[in-house]
Amino acid sequence: MPAIVIHPFERSEWEIFRSLRLQALRDEPGVFAASYDFVAALSPQDWQDTIQGPGHQVFGLFDEAVLIGITAAFTWQEDSSGETALLAMSFILPEYRAQGLSRLLYQARLDWIRAHSQFKRVVVFHRESNETSRRAIQRHGFSPVRRIPNTWPDGTTEDQILYELLTASD
């Protein structure tokens, strides 16, 4: 059986990242905060800058050499202290879902966040009706903290649920 692995993307891998990110946004516009049109208009430099930087990292989930999933951790722009990480962009191709692979996405991001001492907490959102995300988020120790009204890129209005996980004690 082939090994499924996750690793941080390098900037040079931006084209395969771009391809799967756009597929995810096109196929499931009601799940992500960003719209396909906005993301499709990004320049190659924007894609490279999105992949990796001092406060963020995008990861690729691979079945041998085939990219089957993506996920990311960013410094949350809503926290001016820079102490909060945001989990985002999680997507696994439908044929690979329901195999427990989301644990790899969470583990890679949480390991990366814990290796960066500036982060004291982690937040993640999901659309209220997204039960799969809710279960995965709670399975990894996150607690719900707030409901936020939201209009999604697919045009529907539905609350997003904000969760947090503390990574260090004050």
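Given the structure is predicted, the values throughout are model-derived calculations rather than measurements.

Definitions and cut-offs
- Residues numbered from 1 in each chain as written.
- Predicted model: local features only at pLDDT ≥ 70, side-chain atom pairs only at ≥ 80, totals over all residues.
- Heavy atoms only, no water.
- Helix = DSSP H or I, 4+ residues; strand = E, 2+ residues; numbered from the N terminus.
- Rg over C-alpha atoms; globule rule 2.2 N^0.38 Å.
- Areas by Shrake-Rupley, 256 points an atom, 1.4 Å probe, with all protein chains shown as cover.
- Lys, Arg positive; Asp, Glu negative; His and termini not counted.
- Charge placed at Lys NZ, Arg CZ, Asp CG, Glu CD.
- Salt bridge = Lys/Arg side-chain N within 4 Å of Asp/Glu carboxyl O.
- Buried < 20%, exposed > 50% of the residue type's maximum accessible area, 1.4 Å probe, protein only.
- Contact = heavy atoms within 4.5 Å.
- Core = buried A, V, L, I, M, F, W, Y, C linked by side-chain atoms within 4.5 Å.
- Phe/Tyr/Trp six-rings, centres within 6.5 Å; stacked < 30°, edge-to-face > 60°.
- Lys NZ or Arg CZ within 6 Å of the ring centre and 35° of its normal.

Asker: Looking at this structure, I do not really get the overall build of the chain. What am I missing?
Answerer: In terms of helices and strands, the chain carries five helices and eight strands. For the chain, the N- to C-terminal ordering of α and β elements is β-α-α-α-β-β-β-β-α-β-α-β-β. Here the chain has a C-alpha radius of gyration of 15 Å; the compact-globule value for 170 residues is 15 Å, and the two agree. Taking the principal axes of its C-alpha atoms as reference, the chain extends roughly 40 × 35 × 35 Å. Counting only carbon and sulfur atoms, one obtains 51% of the accessible surface of the chain, whose full area is about 8,900 Å². Here the chain contributes 16 positive and 22 negative side-chain charges, whose respective centroids are spaced 5 Å apart.

Asker: Mind showing me how you'd approach the pattern of salt bridges here?
Answerer: Where charged atoms from two side chains of opposite charge come close, those side chains can pair. The tally for this structure, following the rule as stated, stands at eight salt bridges. Here Arg26 and Asp27 are joined by a salt bridge, their closest N and O atoms 3.6 Å apart. What makes Asp27 partly exposed here is its relative accessible area of 45%. Residue Glu164 is joined to Arg121 by a salt bridge in which the shortest nitrogen-to-oxygen separation is 2.5 Å. Taken together, the residues Glu164 in strand β8 (residues 160–166) and Arg121 in strand β6 (residues 121–127) connect sequence positions 43 residues apart. Each of the salt bridges in this network shares a partner with another, and the network as a whole consists of Glu128, Arg147 and Asp159.

Asker: For this particular structure, what's the right way to read the side chain of Gln160?
Answerer: With respect to the helices, strands and loops of the structure, Gln160 is situated in strand β8. By relative accessible area, Gln160 is classed as buried at 12%. Not counting residues within four places of it along the chain, the set of residues in contact with Gln160 comprises Phe125, His126, Arg127, Glu128, Arg146, Arg147, Ile148, Asn150 and Trp152.

Asker: Could you clarify how one ought to interpret the nonpolar core in this entry?
Answerer: As a rule of thumb, nonpolar side chains are buried together in soluble globular proteins. With 27 residues, the main nonpolar core has Phe9, Phe17, Leu61, Ile70, Phe91 and Leu101 as its most contacted residues. Counting residues per element, the ones that place at least two in this core are α1 (14–27), α3 (44–51), β3 (56–63), β4 (66–75), β5 (84–92) and α4 (102–114). Looking at which element gives the most residues to this core, the answer is α1, with six residues. Setting aside anything within four residues of it in sequence, one finds Leu101 in contact with Ile4, Leu61, Ile68, Ile92 and Tyr96. Judged by nonpolar contacts, the second largest core, of 18 residues, contains Leu110, Phe142, Ile161 and Leu165.

Asker: How should I be thinking about the environment of Leu104 in this particular structure?
Answerer: Relative to the helices and strands, Leu104 is located in helix α4. Counting along the chain gives 99 residues from Leu104 to Val5, while the straight-line C-alpha distance between them is 8.0 Å.

Asker: Help me out: how do you make sense of the packing of aromatic side chains in this one?
Answerer: By convention here, two paired aromatic rings are described through the distance between centres and the angle between planes. What the rule picks out here adds up to seven aromatic pairs. On the basis of an interplanar angle of 75° and a centroid distance of 5.3 Å, the ring pair of Phe17 and Trp47 is categorised as edge-to-face. You can see Phe17 sitting in helix α1 and its partner Trp47 sitting in helix α3, a full 30 residues away along the chain. Across the pair, exposure class does not vary: Phe17 and Trp47 are buried alike. Taken together, the ring pairs in this structure connect Phe9, Phe17, Trp47 and Phe62 into an aromatic cluster. In this structure, Arg21 is placed above the aromatic ring of Phe32, and the distance from its NZ or CZ to the ring centre is 5.3 Å.

Asker: Teacher, can you tell me more about unusual backbone geometry here?
Answerer: The residue Glu64 is not glycine, and still its phi comes out positive at about 55°. Within the fold, Glu64 resides in the loop between β3 and β4. With a relative accessible area of 57%, Glu64 lands in the exposed category. One non-glycine residue, Ala98, lies in positive phi territory at about 65°.

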